Amino acid sequence: MRQLAPKYSAWSLLCARVAGNDYWRPLWTGATLRDAYDVVIVGAGGHGLATAYHLARDHGVKRIAILEKRLLGYGNVGRNTTIVRSNYLLPENHYFYEDSLRRWETLSRDLNYNVMYSPRGVIDLAHSDGDMAALARRGNAMRVAGIDAELLDVRGLARFAPELDPKLARRFPVVGALLQRRGGTVRHDAVAWGYARAATTLGVDIIEDCEVIGVRSAAGVATGVETSRGYVKAERIVFAVAGHSGAIGAMLGVQMPIETHLLQAMVTEPVKPLISSVFVYVYPHGEVYLTQSDRGGVVMGGNLDGFPSYTREGQWFRLEDVVQSAVALLPQLASLRILRHWAGTNDMSMDGSFIIDRIRYDNVFINGGWCYGGFKAIPASGAACAAFVATGTAPDLIRHHSLSRFRTGQLLDERGGGPFPVRQ
Amino acid sequence: MSRLYCPFCGARELEEFRFHKTLAEPGANAYEEVYERINRLAVSMEHWQHVHGCRAWLLVRRNPSDGSVLDVRLLARTAVLPHERA
């Protein structure tokens, strides 16, 4: 086994300074696949890695494997807009995301790895009185729950984000905003790497290039998974496969309340600090979010492409929508060039909220349906999913996010948009 | 997949069309029809509308894994009227 990176500290950085590049070691090891595990987690993305970490750390589960079809952190944890926030309307959602935000605040210390949590504030912009009323309602719901939210008028907004010149004539004038100061961004790749390093240190086997093809069962209980590297016995199985939960459902013969859609994001060339926080706003054709990465690139994202797809090929018209909206808000962005652009597969559920529940078998779990909220949920999802898998009882934070809620009518429809994944 | 073939208008830009929903298997009950999806990787039957064109409703057979369109038909022509049922 290769030697792992040591615990990072001021002292270790000093040692690295003296020893040169030879000091640095891999963050996780290429483990060998064993025949049997207590828990097999499918998918080495944010949720899979965090679940493994919490199973090992909080619940003392010894034999854990993470099976990954391709490379660690190769899916949505590496292709999102890195925004973290807990400004949700429904209690079932805002308590969960608040738990997540609290974990983000201390994650770098917990993992001994700098995930660059940057509480620069998340601002939802209002363009009309109707928008203001909706934001006030959401902000009040948050404040009742004890989550920070501030409603800003134009002057307050100009003080907080001077780059949004309120005097500038815009197609859709800005009339106010809802601010969550503790919201912000986190370095997404560092989250995958940090969890992978911490999990490996706790003895979790991370197996890349190992595709799960099926689940074997006996007497109504799953006994293991068929993989591209052979059969692996497992006491419990967790699927955390981001945009492919629907395909897992098809594999298990379960129809899922999920469709897979494409969501695009793009980054411009790096420039000097220009955008001080995260801007989220809704134009008639859809939502837009803007932020500036620590490297200086302006990160932009928008709505879904609009139809189910696994291709990861973004539609040109959606890219155009997002860029036009960005320029309409901040005209100075027009001179920037787009450096990178990508589309990721999103699990879109029927009510826009996530699902963590048993699926088909008593010992098989699904962690999916994250819609737009996957990245920001990683720490809370890992902790809650691990508790569910270890104890067999869903913790209160995710009790409402069951698969059966669609059948019983207890939907968590944040926007009140109805059972249309494409509109969530 | 950047264009879709409309039986009235010919091949048109995808942004002229709007995806409505993926169809359930024949015989699905109301709950399955509304809330559940089969998520087939190879073939998906869908309702689309040419909203920014002739506004015709279309039945589209598509492969969501590679984005290819297998078949587009007018939805109106697929209806089986009660007296035509066996």
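Source: prediction; values computed, not measured.

The partner chain B presents 23 residues to the 24 residues of chain A that form the contact. For the chain A and chain B pair, buried surface summed over both sides reaches about 2200 Å², with 56% attributable to carbon and sulfur atoms. Counting the surface chain A buries against chain B, the share from its top three residues, Gln255, Phe307 and Tyr310 of chain A, is 26%. At the boundary of chain A with chain B, the tally comes to one salt bridge. A salt bridge links Glu259 of chain A to Arg37 of chain B, with the nearest nitrogen and oxygen atoms 2.6 Å apart. Linking chain A with chain B are six residue pairs in polar contact (both at pLDDT 80 or more), by the criterion used here. Listed by contribution, the elements that provide at least two residues to the side of chain A that touches chain B are helix 7 (245-252), strand 12 (258-268), strand 15 (298-308) and helix 10 (405-408) of chain A. A total of four residues in the side of chain A that touches chain B trace back to one element, the largest contributor, which is strand 12 of chain A.

All names here are of chain A. By size, the foremost hydrophobic cluster in this structure holds 53 residues, and its most contacted members are Trp104 and Tyr195. Taken together, the elements giving at least two residues each to this core come down to strand 1 (36-42), helix 2 (46-58), strand 2 (64-67), helix 3 (91-111), helix 6 (188-201) and helix 9 (374-391). At nine residues, the largest contribution of residues to this core is made by helix 9. Apart from the residues lying within four places of it in its own chain, the contact partners of Tyr195 are Leu49, Ala50, Tyr53, His54, Leu107, Leu111, Ile378 and Pro379.

A few words on the pairing of strand 11 (residues 230-239) of chain A. Residue and element names in this part refer to chain A. Note: strand 1 against strand 11, six bridges, orientation parallel. Looking at the pairing, Val39 lines up with Arg236 of strand 11. Where strand 10 (residues 221-227) meets strand 11, four bridges bridge the pair, whose relative direction is antiparallel. Following the sheet pairing, Glu226 is matched in strand 11 by Tyr231. The turn joining strand 10 and strand 11, which pair antiparallel and follow one another in sequence, is formed by two residues. Summarising the sheet, strand 11 and strand 18 (residues 361-368) pair through three bridges and their orientation is parallel. Looking across to strand 18, one finds that Val238 is bridged to Phe365.

What follows deals with the packing of helix 3 of chain A against helix 6 of chain A. Residue and element names in this part refer to chain A. Contact pair helix 3 / helix 6: the axes reach a minimum separation of 10 Å and the direction vectors enclose 45 degrees. In terms of axis orientation, helix 3 runs oblique to helix 6. Crossing angle aside, the handedness with which helix 3 passes helix 6 is left-handed. Here Trp104, Leu107 and Leu111 of helix 3 lie close against helix 6, whose contacting residues are Val191, Gly194, Tyr195, Arg197 and Ala198. Per-class residue counts for the contact of helix 3 with helix 6 are six nonpolar, one polar and one charged.

Attention now goes to the sheet that holds strand 4 (residues 44-49) of chain B. In any sheet, the strands associate via hydrogen bonds between backbone groups, in a parallel or an antiparallel arrangement. Residues and elements named next belong to chain B. Across the sheet, four strands lie side by side as 3-4-5-6; this open sheet has antiparallel pairing. Of all the strands in the sheet, just strand 3 (18-22) and strand 6 (68-74) have a single pairing partner and so form its edges. The sheet shows a mean angle of 30 degrees between the axes of neighbouring strands, taken without regard to direction. Alignment of strand 4 against strand 5 (residues 57-63), held across six bridges, turns out to be antiparallel. Bridge pairing in strand 5 places Trp48 opposite Leu58.

Thresholds applied
- Residues numbered from 1 in each chain as written.
- Chains lettered and ligands numbered in written order.
- Predicted model: local features only at pLDDT ≥ 70, side-chain atom pairs only at ≥ 80, totals over all residues.
- Heavy atoms only, no water.
- Contact = heavy atoms within 4.5 Å.
- Buried area = accessible area lost by both parts, 1.4 Å probe.
- Salt bridge = Lys/Arg side-chain N within 4 Å of Asp/Glu carboxyl O.
- Polar contact = N/O pair within 3.5 Å; in protein donor to acceptor, adjacent residues only side chain to side chain.
- Helix = DSSP H or I, 4+ residues; strand = E, 2+ residues; numbered from the N terminus.
- Core = buried A, V, L, I, M, F, W, Y, C linked by side-chain atoms within 4.5 Å.
- Buried < 20%, exposed > 50% of the residue type's maximum accessible area, 1.4 Å probe, protein only.
- Pairing = 2+ DSSP bridges.
- Axes fitted to C-alpha atoms, helices over the stretch in contact; angles between N-to-C directions.
- Parallel < 35°, antiparallel > 145°, perpendicular 65-115°, else oblique.
- Left-handed = near helix turned anticlockwise from the far one by under 90°.
- Nonpolar A, V, L, I, M, F, W, Y, C, P; charged D, E, K, R; others polar.

Nothing here speaks to function; it is geometry throughout.
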